[in-house]
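Observations on the model geometry
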Amino acid sequence: MPQTPINARLRSARVAAGYHSQQALAEALGVGVRQVRRWESSTPPWPHPDLQAALTRMLGQSMEELGFTAPPGRESGGQRSRSAWVSTGKGLAAVPAQSAATVQPASVGGDFASVTRAHRSLYWSVSPAALYPTVIGHAELGCVLLTETVGRTRQSVASSLSETWLLAGRIQFFDLRESAEADETWLRGLQAAREAEDHLLGAATLAHMAFVPGWEGRRDDAAQRIVAARTYARRGDSPGLLLAWLDAVEAECETRAGNTRTALHLIGHGEGVLTEGDERPVPDWFDWFSAARLAAFKGNTQLRAGHLPQARATLSDALDQLPQAEQKQRSVVLGDLAAVEAAAGAPVAACQYAVRALDQLKRTWYATGMDRVREVRQALAAHQHEQCVRDLDERLYDWSTTVSALAR
């Protein structure tokens, strides 16, 4: 009995991309298996533009190469070649589509991810100025690999690339104080998260992007990004820890806009989420938040609200809860404790905490921590002739600290 003619090009591309059944491809596309069966027939119907884009992205070939024939007057939603993707004005590579020229083996996804994980771990101890070029180089490699991978391998690369852009933006924003550049970098991360179809990475990236207007006091712009982040978190069935972090991010933006009451309400909600517990898995890349970090957010908000006894207690507990390895965050909490004492009119205690923060910064540099110490020194202007403040100045402006602050 003769076999039914099929679209062999589409079937071969499907199998090569890791979709070993029509059902697997249908689920990835969000269509019925009958639709895929029709496409693999000898006379495949011309797909809707959105499905054209999805097919070419997932299978790494143009519509014509997949065995489709465009109706008269209709154009294929094909791919751009690698050469069509150029760097942005900030020197960052854009997130590309595939090229059919080269297809890397499936092992590439795991290899690329292992380097991404290593960079994420190194961030907590390595100098940001030393780590940053390596992270950017890794991101550029990821953009190349996106043009040379298909199917699930490409999705894996896109996910790791999104993590890499997220890390690069964190270094720019929190360590190098390059907020505009960080916003551009996080946009690349959002594009990569879209390619990976990873809603949680999208939520995390959007929330980081809220920091940029939030720290500038542009509450409405920050709020829009937070709303978007919460939407993506819902789509991704977010674990409670990530939801509590979104509360903390929004609380910080509200605090910087002067809305400390709203901020404390948000933090209270986040504490409730953590208390309830959650069995949903937390992504490996979500390594910058914990109950102790939430307490640090709370203590800073209490400080800015003028609730000094509460802030002192909260920040002291947060410092005790922080693992020794979280050295960057320790410098921030020590800086906030110094600010509490400065606001309470206790310059000696303020300087003691500030010196401890400088000791921490000498071991692990963190621009955000140094900002806290400088704010404390400004708050101590009325006590600048006291010996404790002079001693603080000796530390704040010694050769090591001065060169580190100016070189990073």
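Up top you'll find the structure we're talking about.
Each value, and the rule that gives it
Residues numbered from 1 in each chain as written. Predicted model: local features only at pLDDT ≥ 70, side-chain atom pairs only at ≥ 80, totals over all residues. Heavy atoms only, no water. Buried < 20%, exposed > 50% of the residue type's maximum accessible area, 1.4 Å probe, protein only. Helix = DSSP H or I, 4+ residues; strand = E, 2+ residues; numbered from the N terminus. Arc of directions from axis to C-beta. Expected span 1.5 Å × (residues − 1). Core = buried A, V, L, I, M, F, W, Y, C linked by side-chain atoms within 4.5 Å. Contact = heavy atoms within 4.5 Å. Axes fitted to C-alpha atoms, helices over the stretch in contact; angles between N-to-C directions. Parallel < 35°, antiparallel > 145°, perpendicular 65-115°, else oblique. Left-handed = near helix turned anticlockwise from the far one by under 90°. Nonpolar A, V, L, I, M, F, W, Y, C, P; charged D, E, K, R; others polar. Salt bridge = Lys/Arg side-chain N within 4 Å of Asp/Glu carboxyl O.

Turning to helix α18 (residues 387-396), a few remarks are in order. Within α18, the full set of buried residues consists of Cys388, Val389, Leu392, Asp393 and Leu396. Buried residues of α18, seen end-on, are gathered within an arc of 145 degrees and therefore sit on one face of the element.

This part is about helix α11 (residues 240-256). Taking 1.5 Å of rise per residue, the 17 residues of α11 would be expected to cover 24 Å, and the 25 Å separating its terminal C-alpha atoms lies within 8% of that figure. The element α11 is extensively covered by neighbouring structure, given that 14 of its 17 residues are classed as buried. One or two steps after α11, the chain reaches Gly258, where phi turns positive at roughly 90 degrees.

Ranked by size, the top nonpolar core spans 92 residues in total, and within it Trp245, Trp288 and Phe289 carry the most contacts. The residues contacting Trp288, other than those within four sequence positions of it, are Trp124, Leu166, Arg170, Ala204, His208, Trp245 and Arg293.

Quick look at the packing of helix α5 (residues 107-122) against helix α6 (residues 128-146) now. Where α5 contacts α6, the two axes come as close as 11 Å, and the packing angle between them is 160 degrees. The angle between α5 and α6 places the two elements in the roughly antiparallel class. Where α5 crosses over α6, the handedness of that crossing is left-handed. Residue-level inspection shows Val108, Phe112, Val115, Thr116, His119 and Leu122 of α5 in contact with α6, the latter providing Leu131, Thr134, Val135, His138, Leu141, Gly142 and Leu145. For the contact of α5 with α6, the residue count by class is eight nonpolar, five polar and no charged.

The next subject is the pattern of salt bridges. In a structure, side chains of opposite charge can pair up when their charged atoms sit close to one another. Summed over all chains, the structure comprises 25 salt bridges. Its salt-bridge partner being Arg177, residue Asp371 comes within 2.6 Å of it at the nearest N-O pair. One end of the pair, Asp371, is in helix α17 (residues 367-379); the other, Arg177, is in the loop between α7 (151-175) and α8 (179-196), with 194 residues separating them in the sequence.

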